[in-house]
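The residues making up each chain are set out below.
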Amino acid sequence: MGIGYKTAWVAVRDAAPEVVADALGLRHREEMGWTDGTEAAYRQGVFVARAEPDPTWTLAHGRIHLTAGFNAADPWFPDWLRSLSAQLGEIQFFSTDRIGDCHGWARADAGELTRAYYYGNDAVPLHVGDRTDIERELGVGERQLEDGWQSWGDQEWDAFMNAMPCEQDVMRIAERWSVCPLHIPEESVTDRGIHGFPAGFEPR
């Protein structure tokens, strides 16, 4: 199945899957192949595996449980990224959900959140740092609800919505920053990964 749309994942540079699973506090661990593991993580839990054929990056994927019960719109989400980066070094977070029209990306290194942008529910609750080159090329990652938005008319709202990202933008940013999961051939991932659950969640 692989990692595609309507989910979230973290890309970690130069870290073994076991190390990433430890940092995420995964329990009830089970070894799985890429296809079974990514499919399982769409339903529940988190799957961690190297993004072969480029083993530089290890991906942790989970549609529901990756962020341990919250999402990128929550105020403590940046602290979660900083804490994870303090343990793992360079990390990147991506999330896309066309049904809820929520899309975001972030990067952190050595515990410092250097860039983050999240759009959802017609708002931008998270905007940290300057746009990267790929964001400028795509024309996303700049707008937020500026002062006076409460009195915007149709023209202002149309301009705002036209500047918001879509799921394809998230994939293009992931490709430029690290690896786009859509481009990982399932047959290329031969090593087994780890499927598990963060604290507070039990298998169903």
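Since this is a predicted model, take the numbers as computed values, not measurements.

The rules behind each value
- Residues numbered from 1 in each chain as written.
- Predicted model: local features only at pLDDT ≥ 70, side-chain atom pairs only at ≥ 80, totals over all residues.
- Heavy atoms only, no water.
- Helix = DSSP H or I, 4+ residues; strand = E, 2+ residues; numbered from the N terminus.
- Contact = heavy atoms within 4.5 Å.
- Phe/Tyr/Trp six-rings, centres within 6.5 Å; stacked < 30°, edge-to-face > 60°.
- Lys NZ or Arg CZ within 6 Å of the ring centre and 35° of its normal.
- Salt bridge = Lys/Arg side-chain N within 4 Å of Asp/Glu carboxyl O.
- Buried < 20%, exposed > 50% of the residue type's maximum accessible area, 1.4 Å probe, protein only.
- Core = buried A, V, L, I, M, F, W, Y, C linked by side-chain atoms within 4.5 Å.
- 1 Å grid on protein atoms, 1.4 Å probe; cavity = no way out; pocket = protein on both sides within 12 Å on 5 of 7 lines; lining within 4 Å.
- Points joined across faces, edges and corners; volume = space filled by probe spheres on them.
- Nonpolar A, V, L, I, M, F, W, Y, C, P; charged D, E, K, R; others polar.

Counting through the fold element by element, histidine 65 comes out in the loop between strand 4 (57-61) and helix 3 (77-88). In contact with histidine 65, not counting residues within four places along its chain, are Gln44, Gly45, Val46, Phe197, Pro198 and Phe201.

Here we come to the packing of aromatic side chains. Tallying each qualifying case throughout the model produces 11 aromatic pairs. With centroids separated by 4.9 Å and ring planes inclined at 65 degrees, the aromatic side chains of phenylalanine 77 and phenylalanine 93 adopt a geometry described as edge-to-face. Taken together, the residues phenylalanine 77 in helix 3 and phenylalanine 93 in strand 5 (residues 91-97) connect sequence positions 16 residues apart. An aromatic cluster is built from Trp149, Trp152, Trp157 and Phe160, whose rings are joined through pairwise contacts. One residue, arginine 107, lies across the ring of tryptophan 177, its end atom 4.3 Å from the ring centre.

This part is about the pattern of salt bridges. Enumeration over the complete set of coordinates arrives at 13 salt bridges. Across the pair arginine 27 and glutamate 202 runs a salt bridge, and its minimum N-O distance is 3.1 Å. Placement of the pair is arginine 27 in strand 2 (residues 27-32) and glutamate 202 in the segment after strand 9 (193-197), with a sequence separation of 175 residues. We note a salt bridge from arginine 82 to aspartate 79, for which the minimum N-O separation is 3.0 Å. On the criterion of helical spacing, the pair formed by arginine 82 and aspartate 79 is a turn pair, its members being 3 residues apart in helix 3. Owing to a relative accessible area of 31%, arginine 82 belongs among the partly exposed residues under this scheme. We classify aspartate 79 as partly exposed; its relative accessible area is 47%.

Right, let's talk about unusual backbone geometry for a bit. Unlike most non-glycine residues, lysine 6 shows phi in positive territory, near 60 degrees. Here lysine 6 is to be found in the segment before strand 1 (7-13).

To continue, consider the environment of asparagine 121. Secondary-structure assignment places asparagine 121 in the loop between strand 7 (112-120) and strand 8 (123-128). Each C-alpha atom, one on asparagine 121 and one on alanine 73, is 9.6 Å from the other, the two residues being 48 residues apart in sequence. Those residues in contact with asparagine 121 that sit more than four places away from it in its chain are Asp101 and Cys102.

Attention shifts here to the nonpolar core. Counting 32 residues, the largest nonpolar core has Trp9, Trp34, Leu59, Phe94 and Trp105 as the members making the most contacts within it. At the level of secondary structure, the elements contributing two or more residues to this core comprise strand 1, helix 2 (34-43), strand 3 (46-50), strand 4, strand 7 and helix 6 (167-177). Top contributing element to this core by residue count: helix 6, with 5 residues. Dropping the residues within four chain positions of it, phenylalanine 94 is found in contact with Thr7, Ala8, Trp9, Gly104, Trp105, Val170, Ile173, Ala174, Trp177 and Ser178.

Before going further, it helps to examine helix 2. Looking only at helix 2, the buried set comprises Trp34, Gly37, Thr38, Ala40, Ala41 and Tyr42. Against strand 1, strand 2, strand 3, strand 4 and strand 9 lie the buried residues of helix 2. Phi turns positive one or two residues past the end of helix 2, at glycine 45, with a value near 75 degrees.

Assignment of secondary structure puts glutamate 167 in helix 6. Non-local contacts of glutamate 167, meaning those with residues more than four positions away in its chain, are made with Tyr5, Thr96, Arg98 and His103.

Its boundaries defined by the atoms lining it, the largest pocket holds a volume of some 390 Å³. Lining of the largest pocket is provided by 21 residues; of these, Arg63, Asn71, Ser95, Asp97 and Tyr118 occupy positions nearest its centre. The set of elements that each furnish at least two residues to the lining of the largest pocket consists of strand 1, strand 5 and strand 7. A total of 4 residues in the lining of the largest pocket trace back to one element, the largest contributor, which is strand 5. Looking at side-chain class alone, the lining of the largest pocket contains 10 nonpolar, 8 polar and 3 charged residues.

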